[in-house]
Amino acid sequence: MGHFKQSLAVRLAILIVLGAGLVLLVVLTFSHVSLRRLFVQQVHERGDILTRSAVNRIESRMGRAEATVREAAAAFALLAEGRDQAQALIRASLADHTGLSGMTIALAPSGAPRSDHRMFSGWRRDSAILLRQDDLPGNSFQQDWFYLPYYLQRPVWTEPYYDNQTEATMVTYAVPILRQGQVWAVVSGDISLEWIRNMLDELPLGAGGLAILLSRRGHYISHPVRELEMRETVFSLAESLATPAARKSMADIGRRMLLGQPGQLSYRRPLDDRPAFLHYRPVPSSGWALGVVIPEQQVIATTLRLNRINGLVGLGGMSLLLIAALGVGWSVARPLKKLATAADRLAQGDFDAPLPAIRSRDEVGRLNDSFARMRVDLRRYITELTATTAAKEKIASELAIAREIQLGIVPKLFPAFPNRSDLDLYARLVPALEVGGDFYDFTLLDDNHLYIAIGDVSGKGVPASLMMAVGKTLLKSVIQTVRDPAQALKQVNDELAEDNDSCMFITAFCGILNLQSGDLIYANAGHNPPLLLRSGQDVTMLEAPPGPALGAMAGGCYESCSMQLAGDDLLLLYTDGVTEAMDPEHKLFGDERLLQTARGHRDVPARSLIEAVDAAVRQHAGSADQSDDLTLLAVRYRVESGRAVVAGEAGADPPVAVLSLLNRLPELARLTGWVKEQAQAFGLPAQAAMHLNLALEEWLVNIISYGYCDDHEHLINLRLWADAQRLRIEVEDDGQPFDPTARGEVDTGAALEDRQVGGLGIHFIRQTMDDFNYRREQNRNIVTLSLLRREAESTGEEGSC
Amino acid sequence: MLLWSVSKRWPLLVTLVLCCSLAVTVNPAGAAGDDNPDALTLVLQWHHQSQFAGYYMALEKGLYKDAGLEVTIIRGGSDVRPDRLLAEGRADFISAMLPTALEMRRDGLPLVLLAQLVNRGNFQLVAWKHPDGSDGTPVVQPADLSGRRVTVWEQDFRSPYLALFRGWGARPEILPQYYSLSLFLHRGVVACSTMRYNGYHTLLQNGVSADELTVFNLWELGINLPEDGLYALADTWRRRPEASRRFVRATLEGWRYARDHRQETLEVVMRYIEQEKLPTNRPHMAWMLDEILKSIFPTNDDPWTFGVLSRQSYRETTQLLQRQGRIDSPPAYQDFVRTEALNGPL
């Protein structure tokens, strides 16, 4: 069966042969049925013809015998009853009709008392005719041949009998001769029935067919089984059958045959219970019945023989059909098989596997052509796909490199400042799958100032990462010179906005932490406000008025804000990758959850906080893909023990002089006057007074020029304390936070154009003032300038520096 | 009683055959000496058939031999005259009907009865129920035969029928009946005589249905003549009583055997039939065996004793024959019947 399922040719052949076999079977069955019907009809016709002809032959012989005997009787009736006449008559009759075996003329015992004879018999022996006279016939008169016609007074055929003398079955026709109503004599003629037997034996009845001749009483005159003849009747034979049904059946058949009517019958033979056909016909003169039995088996055998021939022919045809079907099947299957092999090799990547050479234009040929075309297309497609894949791989590889670079340009070494015990800083950038644009940055600008920044470039991919690199680097370099977050953001914004055709932008937050005072000056370019985790207080969001995102539009203005971090306060910077992290249902992590997480981890190290937030975000995201970079930066500023708080020092005494100025340059004239006034009042040397004036002027110009983002009028307050050692002047403004002390020393050796704006003024202040401090209180910048009160030589010393 | 037609020339032939068979079977030395087994010859009253089954079986099963007898059985027939064979000393025993035997004795043959085998008669008169078609007068009782033609056997078989007609007030036209039933079958007569065990069944075997017939069983109509018996000359009985007695006893034993082994008996009968090429058949012989046994062995209701002729039956028979003038003065029962044959020691 395996082969059957696998081989198209075999399957095709089997199906065809099965189909043809079915047709053959139907045809054979039909032919069997119709042939059988035909043969049965033929059997009936044959039986009818055979019985008719046999009966006719019997009838003709018996009729002739009857005629001869009747003629003899007529002649004898006319003649005198003399013995010579009787003898002559017998001799003449036997000579005339050779069919007669013998003839007898018997005078009735009472019929002719004076006659000279009683009975004359003549019979044939070889070719001679013998005669015998019997004057004392005795019981001959008791025999049927005499007895029957004598009492019936009509001619009669006796029942057939076996004649021991001739050793043959005989039958006698006897004709009475009547005178005055009395039988006077009987003339009888015998005929042998051997010829009937021979005739019936020669009837063409076929195998198993048989002919029987029944006497009027049902005796078998002729039967193929000779022992039955003259001994059995159809009724005695019936009696010997086993079952009552068979006995009745046979007796009924016998009676039917002896009714004197021709007929036919399909029946089961009582002898062997086999189906057969019976044709019977009476022999009218003697009342006999001739029957012809043809077994149905004969018909079936003939039918079967014919059908066997038909079947053999059909089988031969089917064999040829099988060969043809196998041929066709193979012719179809062979190229298909080759094609399948080629397809297998093709599937393994062998595009050069040869296709079978099929020249036919049938379905298989077309399949082959299609297959060839498919191979060409496939090859081309694979070539293209290879190229595309290579390109994609290249891009992917480049993206990976870009990511490496992106991650590489943010400081990743923690602890960042192992030598600084007052600084606990940790940051983490968890990149999304794609290259993103987040960054963070921090660095110590000097021993006392820490720069921190965090940013998020709009968009993703390589452009974002490039933008991030640019923005981050730019911001860092600018902050180092400007030292003012707002200024730095403004410069970076202008820089980025220039030629920003890609319309990308960066949100960023940056600040500078004064590690001495804890003051933090910061500016925000559209970034999420950081969290402030004050020790012992609730977590809050830092107030950070958002300026425009970097690079979006040139000319944007940013506001520096300041606040003071107390000891152990922590500042947490983050990007929207944290708050906008989504779970599988697209629900955002959110500010509130961030706040909660932070609350729970307020007093832990920076690193632990970040890990906690990271873990919370990951837990929230669950199985959802991380869609954006997740960036966190936490910094905690610890107060050094013994650090002086400058503000407290100045708190007690009221100033000896105050001056309030508008943020207008012409107001500087009032300053100059006020300084001259105070110098005189406190006896400042002229040079010192000039230095003080110049220093204040520098600082005020700086405030008026850069301290305000608006054009409104602002008051700048000056307060003066004086004691024996020194003069101390505080300048208070409400401008943007700006810590001039955070700025590095001016590189006075550098080319003029490279120097930072305002740098020289602050440098001058440092050089001339004995102390220069900055603090921010209540959103106000407070710069303190101190000048020791000394003699001229000390001034000289000053000048020599 | 012949049921087959016989050629009119057969007496010649049969005589010829008979002479040959007699020459072979009859011991020319006559009675055997004391040293040798007693040679005995039995002549049957008709051709071999089941009617004589007991004899065959006694011979077949060696019952005769066991009795020290060497028995030869000679068939009967129209060509055989048992009385003559007996008279001439060529036979020792014959089988014959009681009326026949009485008539033989009347004719001077000094027969004695050794055993009465068939005590119930088998004579029948069989008539077409509707001889003139369904519209005519049917034959229901014997009187319906008046004016109609019937055939009746001649001579010694005639008596019971004459008694029947007289007793039942029937006055038919009686034609002679010989060996065949053909005249009846040709409907040449309305009724014919048959033996229950033979002719009646032959009619059935010739295609006649039982319901076409009205059957008068004579023994049921008060006319019961004992039939087959075993006879010997009084002289034989006197000279060889022992052998005779042994023969009778063995014969009765043979009949008993036949009764008890019907199938085997039928085979033996058929063998006799085959030997003689007689035109009869096995079913007919089976029928005959059954019927003859019924008339030999009494059932509980039957008044006779197996093998014994009662004085009453003897008296009735002799009276009937006397009345019909067939015999003048019957022999005394004790002269005619040798009951010692049955009872003496073996």
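This one's a predicted model, so the numbers in the text were calculated from it and none came from an experiment.

Draft legend 1. View of the overall build of chain A. Of regular secondary structure, chain A possesses 19 helices and 28 strands. Against the globule reference of 28 Å for 801 residues, chain A gives a C-alpha radius of gyration of 74 Å, more extended than a compact globule. Across its three principal directions, the C-alpha atoms of chain A cover 230 × 60 × 45 Å. Counting across all 801 residues of chain A, residues that qualify as buried make up 49%. Put simply, 65% of the contacts in chain A that link residues at least 6 apart link residues at least 24 apart. When the accessible area of chain A is evaluated, it comes to approximately 38300 Å², of which 55% is carbon and sulfur surface. Put simply, chain A has 80 plus and 98 minus side-chain charges, and the middle of one group is 23 Å from the middle of the other.

Draft legend 2. Structural detail: the packing of helix α11 (residues 262-276) of chain B against helix α12 (residues 282-296) of chain B. Residue and element names in this part refer to chain B. Relative orientation of the contacting elements α11 and α12 amounts to 125°, with a least axis distance of 10 Å. The angle between the axes of α11 and α12 places the two elements in the oblique class. The element α11 and its partner α12 pack so that their crossing is right-handed. Of the residues in α12, those in contact with R262, T265, L266, E267, V269, M270 and I273 of α11 are R282, M285, A286, L289, D290 and L293.

Draft legend 3. The interface of chain A and chain B, seen in detail. The interface of chain A with chain B comprises 34 residues on the first partner and 38 residues on the second. Across the interface of chain A and chain B, roughly 3300 Å² is buried in total on both sides, 48% from carbon and sulfur atoms. Between E274 of chain B and R231 of chain A there is a salt bridge whose closest N-O contact spans 3.0 Å. Applying the counting rule to chain A against chain B returns 15 residue pairs in polar contact (both at pLDDT 80 or more). Of all the secondary-structure elements, those providing two or more residues to the side of chain A that touches chain B are α4 (144-152), β4 (156-157), β5 (161-163), β7 (182-192) and α6 (234-239) of chain A. Counting residues per element, the side of chain A that touches chain B draws most heavily on α4 of chain A, which supplies six residues.

Draft legend 4. Geometry of the sheet that holds strand β23 (residues 630-637) of chain A. Residue and element names in this part refer to chain A. Strand order in the open sheet formed by five strands is β13-β23-β22-β18-β19, and the pairing between neighbours is antiparallel. Only two strands of the sheet have a single partner each, and these edge strands are β13 (423-430) and β19 (539-541). Within this sheet the neighbouring strands show an average axis-to-axis angle of 15°, counted without direction. Strand direction decides the pairing type here: strand β22 (residues 569-574) and β23, joined by six bridges, are antiparallel. Opposite Y574, over in β23, you have L632 as the bridge partner. This element, helix α14 (residues 606-621), spans β13, β18 (531-533), β22 and β23 of the sheet and lies at about 25° to β13.

Draft legend 5. Main features of the nonpolar core. Ranked by size, the top nonpolar core spans 106 residues in total, and within it Y55, L125, L145, F165, F247 and W255 of chain B carry the most contacts. When near neighbours in sequence (up to four residues on either side) are disregarded, F247 of chain B contacts L40, L42, Y64, L69, V71, F93 and L230 of chain B. Judged by nonpolar contacts, the second largest core, of 55 residues, contains V482, V492, A523 and L550 of chain A.

Draft legend 6. Region of interest: the domain arrangement of chain B. All names here are of chain B. Domain annotation of chain B identifies domain 1 (10-120 + 226-343) and domain 2 (123-221). Relative placement of domain 1 and domain 2: their C-alpha centres are 28 Å apart. Counting residues at the interface gives 22 residues for domain 1, matched by 18 residues for domain 2. Both sides of the domain 1 and domain 2 interface together cover about 1800 Å² of buried area, and 57% of this is carbon and sulfur. Summed over the shared surface of domain 1 and domain 2, the number is one salt bridge. For R196, the salt bridge goes to E291, with nearest N and O atoms at 3.3 Å. Summed over the shared surface of domain 1 and domain 2, the result is eight residue pairs in polar contact (both at pLDDT 80 or more). If you list the elements that add at least two residues to the side of domain 1 that touches domain 2, you get α5 (98-106), α12 and α13 (311-323). Broken down by element, the side of domain 1 that touches domain 2 gets its largest block of residues, six residues, from α12.

Calculation notes
Residues numbered from 1 in each chain as written. Chains lettered and ligands numbered in written order. Predicted model: local features only at pLDDT ≥ 70, side-chain atom pairs only at ≥ 80, totals over all residues. Heavy atoms only, no water. Helix = DSSP H or I, 4+ residues; strand = E, 2+ residues; numbered from the N terminus. Rg over C-alpha atoms; globule rule 2.2 N^0.38 Å. Buried < 20%, exposed > 50% of the residue type's maximum accessible area, 1.4 Å probe, protein only. Contact = heavy atoms within 4.5 Å. Areas by Shrake-Rupley, 256 points an atom, 1.4 Å probe, with all protein chains shown as cover. Lys, Arg positive; Asp, Glu negative; His and termini not counted. Charge placed at Lys NZ, Arg CZ, Asp CG, Glu CD. Axes fitted to C-alpha atoms, helices over the stretch in contact; angles between N-to-C directions. Parallel < 35°, antiparallel > 145°, perpendicular 65-115°, else oblique. Left-handed = near helix turned anticlockwise from the far one by under 90°. Buried area = accessible area lost by both parts, 1.4 Å probe. Salt bridge = Lys/Arg side-chain N within 4 Å of Asp/Glu carboxyl O. Polar contact = N/O pair within 3.5 Å; in protein donor to acceptor, adjacent residues only side chain to side chain. Pairing = 2+ DSSP bridges. Core = buried A, V, L, I, M, F, W, Y, C linked by side-chain atoms within 4.5 Å. Domains from an automatic or database assignment.

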